[in-house]
Amino acid sequence: MKLALLGLDDQTLIIAQEASRAGRHQIVAVADVPAESLSALGKAISASPDWIDWESLVLGSVVDAVIVASDVDEERRADQLRKLVQAGIPLLVAHPALTSMLVYYELGMIQEESRSVLTPLLPWRWHPAAARLRELTGADGGDRGNVEFSIGQISQATFERHMEGRDRTSVLAQFARDVDLIRDIYGDVSRVAALGDPNDAATYANLGVQMSGPEAVAVRWSVSRADAEPFGLLTLIGIAGKITLRIPEDGPWSWELQSGDLNRTERFEHWDSATAALDRLESAIASRDANNLVDHDEWTQAARAVELAESVERSLARGRAIELHNEDFSDIGTFKGTMTSLGCGLLMGILALVFGIGLIGALFRNSRIVLNYWPYLLAGVLVLFLLVQLILKIVDVQQPSASEPKSRDDDSPD
């Protein structure tokens, strides 16, 4: 594939280096790379790509796909992503590229309309260690009796993240990545609680977050200073044992299981996140070109992780736990929410109208126009309110219910 880089960060630098080294792909264009990253880019890729304006990428004739990095100017990056997704340009996007969950869900809705490939960079989800843990805990939906050993149902989970830079931006970005892995193995998170002063840098440097899901199983995430190499440590405690997953920043993952007298370990030496990301992107493009259904699930999961990171800040600001709901963000849902707000506004307007007319009638008893015609004005507002409710009813009838199967592009049986 011919690839372009839009910006550059630590995540996309690794992808660019692997694409240049393997020879299967080629970095042919670069746009919006920060000046401080030019030296690292020159060492990472052997070719000499063209330096272009990012808007050239929207044409779709320059490259096969674009690798998108995070940027300090989030509004500019969000606008670039909107236009690229609308144009149907295949994208591999660093996670989290943005800190706004609303923009994430908006891009997801644009993706559904344009049938574009929008792949978030989630190597921890693709790691064979994560798949193995899902198998051992039964989180993959399979029968735990089919595996050699299992810790059973999870009763508690902790994630210790040891980092070098622990500023607010770095910590929340790392939390978004870690909580996505937690959700992938443990299940959804619906309650988030964090304590501290949101304006104090020490709060984020030593942040602790308590979480729970629909089954009310406690999950704790914490960050601290890395004494040597940065790493993460995920511990899952089940009714029959404990699994500890060690996630170094640079090196092979490993896990250890302890269950009674049983002690098992496994290291994953031969797995490369950059290769997995490029393979994922290539597979998604091939699937779309074959007119198969475009998978939106991973982008939705990435958006949920950003929503949870936002909830940490809200919890700090309010000093209490934040409850989240699994809402389906869509154009229909946005329209219904707007129309509902409009209906509430009309009701408030009716109350203000009645009060205002009564006040005018009391002050200006000789005003025949107000006294004679205000009922018609009130009736007009009420008719408008009823029309809004009718539109909402029509939308509900036309929208397929959750129990109805979704249509497929192919006729093959499941």
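You'll find the structure just up there.
Everything numeric in this text was worked out from a predicted model, so none of it was measured.

How should the packing of aromatic side chains be read in this particular structure?
Describing an aromatic ring pair means giving the distance of the ring centres and the angle of the ring planes. One pass over the full model with this rule turns up two aromatic pairs. A ring pair is formed by Tyr-104 and Trp-299, whose centres lie 4.8 Å apart and whose planes are at 20°; its orientation type is stacked. Of this pair, Tyr-104 sits in helix α4 (residues 101-114) while Trp-299 sits in helix α10 (residues 297-318), and the two are 195 residues apart along the sequence. Grouping residues by exposure puts Tyr-104 and Trp-299 together as buried. An angle of 80° between the planes, with centres 5.1 Å apart, marks the rings of Phe-175 and Trp-221 as edge-to-face. Of the two residues, Phe-175 is situated in helix α7 (residues 168-186) and Trp-221 in strand β10 (residues 218-225); the sequence distance between them amounts to 46 residues. Look at Phe-175 and you get buried, because its relative accessible area is 0%. In this structure, Arg-246 is placed above the aromatic ring of Phe-231, and the distance from its NZ or CZ to the ring centre is 3.9 Å.

Could you clarify how one ought to interpret helix α9 (residues 273-289) in this entry?
Owing to its 3.6 residues per turn, the α-helix aligns residues three or four sequence positions apart on the same side. For α9, with 17 residues, the first-to-last C-alpha span of 24 Å sits near the 24 Å given by 1.5 Å per residue. Residues of α9 that are buried: Ala-274, Ala-276, Ala-277, Leu-278, Leu-281, Ile-285 and Arg-288. Looking at the packing, one finds that the buried side of α9 touches β1 (2-6), α1 (10-22), β4 (65-68), β5 (91-93), β6 (118-120) and α5 (123-126). With a side-chain oxygen positioned 3.3 Å from the backbone nitrogen of Ala-274, the residue opening α9 is Asp-272. Looking one or two residues past α9, Asn-291 carries a phi angle of roughly 65°, positive in sign.

Before we go on, may I ask you to explain the pattern of salt bridges in this structure?
Should their charged atoms come close, side chains of opposite charge can pair. Throughout the structure, instances matching the rule amount to 22 salt bridges. Here Arg-125 and Asp-184 are joined by a salt bridge, their closest N and O atoms 3.2 Å apart. Taken together, the positions of Arg-125 in helix α5 and Asp-184 in helix α7 put the pair 59 residues apart, joining distant regions of the chain. Across this residue pair, the class does not change: Arg-125 and Asp-184 are buried. Arg-132 is the partner of Glu-135 in a salt bridge, and the nearest nitrogen-oxygen pair spans 2.7 Å. Here Arg-132 and Glu-135 lie together in helix α6 (residues 128-137), a separation of three residues that amounts to about one turn.

Just to check I follow, could you spell out the packing of α4 against α10 for this structure?
Two numbers describe a pair of packed helices, the interaxial angle and the distance between the axes. Interaxial distance between α4 and α10 falls to 8 Å at its minimum, and their mutual angle equals 165°. As the angle between them shows, α4 and α10 are arranged roughly antiparallel. As for the relative orientation of α4 and α10, their crossing is left-handed in sense. Along its contact with α4, which presents Met-101, Tyr-104, Tyr-105, Leu-107, Gly-108 and Gln-111, the element α10 presents Trp-299, Ala-302, Ala-303, Arg-304, Val-306, Glu-307 and Glu-310. Counted by class, the contact of α4 with α10 contains eight nonpolar, two polar and three charged residues.

Sorry, what's going on with the sheet that holds strand β9 (residues 208-212) here?
Adjacent strands of a sheet form backbone hydrogen bonds with each other and so pair up, either parallel or antiparallel. The nine strands are arranged β14-β13-β12-β11-β7-β10-β9-β8-β15 in an open sheet whose pairing can be described as mixed. Two strands in the sheet have a free side with no partner beyond their single neighbour: β14 (262-268) and β15 (322-323). Of the strands in this sheet, β7 (154-163), β11 (231-238), β12 (241-248), β13 (253-259) and β14 are in contact with α6, which crosses β13 at around 20°. Each of β7, β9, β10, β11, β12 and β13 is contacted by α7, which is oriented at about 150° to β7, the strand it contacts most.

About the cut-offs
- Residues numbered from 1 in each chain as written.
- Predicted model: local features only at pLDDT ≥ 70, side-chain atom pairs only at ≥ 80, totals over all residues.
- Heavy atoms only, no water.
- Phe/Tyr/Trp six-rings, centres within 6.5 Å; stacked < 30°, edge-to-face > 60°.
- Helix = DSSP H or I, 4+ residues; strand = E, 2+ residues; numbered from the N terminus.
- Buried < 20%, exposed > 50% of the residue type's maximum accessible area, 1.4 Å probe, protein only.
- Lys NZ or Arg CZ within 6 Å of the ring centre and 35° of its normal.
- Expected span 1.5 Å × (residues − 1).
- Contact = heavy atoms within 4.5 Å.
- Polar contact = N/O pair within 3.5 Å; in protein donor to acceptor, adjacent residues only side chain to side chain.
- Salt bridge = Lys/Arg side-chain N within 4 Å of Asp/Glu carboxyl O.
- Axes fitted to C-alpha atoms, helices over the stretch in contact; angles between N-to-C directions.
- Parallel < 35°, antiparallel > 145°, perpendicular 65-115°, else oblique.
- Left-handed = near helix turned anticlockwise from the far one by under 90°.
- Nonpolar A, V, L, I, M, F, W, Y, C, P; charged D, E, K, R; others polar.
- Pairing = 2+ DSSP bridges.

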